[in-house]
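Geometric and topological summary
As a plain string of letters, each chain reads:
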Amino acid sequence: MSTRLLCSKLTSLRLFSSSTHAIKPKLASLPSGSVENKQSSFENSTNDHSSDDGDSQIIYVDGSCMGHGLPDSKAGIGIFWGPDDPRNRGLRLDRTTSNRVELHAARYAIRQARSLGLKSVTIRSDSLYLCNAINHWMPRWEKAGWKLSNNKPAKNIDLLVEIQDQMKEIEVKLEWVRGHSDDVFNQRAHELAQFGASCPISDPIEDKFGKERA
């Protein structure tokens, strides 16, 4: 199976699909010629860091951006709910920055959680920017008219406002985890983000929420 075909199948998954069949996302590090013969290392692991009592869930997210800020930059988001989970995603973004791709990942995870009727969700990320922006800076920026202490406009206001609106209907907590450490599930989110970035440019994120804006 070619990488383009696999990416196309992945991006065609919809959150509200009635089908119970799920295509397992493969990792970006796998050679394109042998993708379907490989087993990703998380498929047989246990989700010790995750909890799902029907109302709350821990989700690991990550963003990958190659060519930060450049016209030909390509990026992807990784959403990891757990081993063999059909909600896992590795999806493509274009013309974006490192901070924006992290926000995109969190936004997508929050929307997934809301669509499933969850009351609360904990999002774990190795991005200090993402965790600080949502946990600390966003309320302060809003109170100041979305301006920084130097009176300049805050960056990425469009995504922050959208995330803030989503959080009115679900309790969201951001937890920072150290990147490139022994946190297996953070690494899985990273691998999914890299996979998403490797998908063809003809397959950007496009789901029922509308085509992504970078």
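Use the structure listed above.
Definitions and cut-offs
- Residues numbered from 1 in each chain as written.
- Predicted model: local features only at pLDDT ≥ 70, side-chain atom pairs only at ≥ 80, totals over all residues.
- Heavy atoms only, no water.
- Helix = DSSP H or I, 4+ residues; strand = E, 2+ residues; numbered from the N terminus.
- Buried < 20%, exposed > 50% of the residue type's maximum accessible area, 1.4 Å probe, protein only.
- Contact = heavy atoms within 4.5 Å.
- Areas by Shrake-Rupley, 256 points an atom, 1.4 Å probe, with all protein chains shown as cover.
- Core = buried A, V, L, I, M, F, W, Y, C linked by side-chain atoms within 4.5 Å.
- Pairing = 2+ DSSP bridges.
- Expected span 1.5 Å × (residues − 1).
- Phe/Tyr/Trp six-rings, centres within 6.5 Å; stacked < 30°, edge-to-face > 60°.

**Brief notes about the overall build of the chain**
Looking only at helices and strands, the chain features five helices and seven strands. Split into buried and exposed, the 214 residues of the chain put 49% on the buried side. Here the contacts in the chain between residues at least 6 apart in sequence split such that 72% fall between residues at least 24 apart. As displayed, the chain has an accessible area near 10,700 Å², and 48% of this comes from carbon and sulfur atoms.

**With respect to the nonpolar core**
V61, I77, I79 and I123 are the most contacted members of the largest nonpolar core, which totals 35 residues. Secondary-structure elements contributing two or more residues to this core are β1 (56–66), β2 (74–80), β3 (89–94), α2 (98–115), β4 (120–125), α3 (128–143), α4 (157–166) and β5 (171–176). With eight residues, the top contributor of residues to this core is α2. Core analysis: the next-biggest nonpolar cluster, separate from the first, contains six residues, I58, F80, F185 and L192 among them.

**A short note on the pairing of β3**
Within β3, six of the six residues are buried, leaving the element largely enclosed by the surrounding structure. Across the two faces of β3 the burial is the same, with R89, L91 and L93 and G90, R92 and D94 all buried. The sheet contact formed by β2 and β3 spans six bridges and is antiparallel. Bridge pairing in β3 links A75 to L93.

**Some remarks on the pairing of β1**
The buried fraction of β1 is high, at ten of eleven residues. In this structure, β1 lies alongside β2, joined through seven bridges in antiparallel fashion. Pairing of V61 across the sheet is with I79, part of β2.

**Some details on α2**
With 18 residues, α2 extends 26 Å between its outermost C-alpha atoms, agreeing within 8% with the 26 Å of an ideal straight helix rising 1.5 Å per residue. With 14 of 18 residues buried, α2 lies mostly within the body of the structure. Where α2 ends, the next residue or the one after it, G117, has phi of about 80°, a positive value.

**Thoughts on the packing of aromatic side chains**
Aromatic rings considered in pairs are described by the distance between their centres and by the relative angle of their planes. For the coordinates displayed, the defined rule picks out four aromatic pairs. Both rings, one in Y60 and one in F185, keep their centres 5.9 Å apart while their planes meet at 55°; by these two values the pair is tilted. Placement of Y60 in strand β1 and of F185 in helix α5 (residues 184–198) is noted, with a sequence separation of 125 residues between them. Given the relative accessible area of 2%, Y60 is considered buried. For F185, a relative accessible area of 2% puts it in the buried group. Each ring, one from F80 and one from F185, has its centre 5.3 Å from the other, and the planes form 20°; the classification is stacked. Of this pair, F80 sits in strand β2 while F185 sits in helix α5; the two residues are 105 residues apart in sequence, bridging distant segments of the chain.

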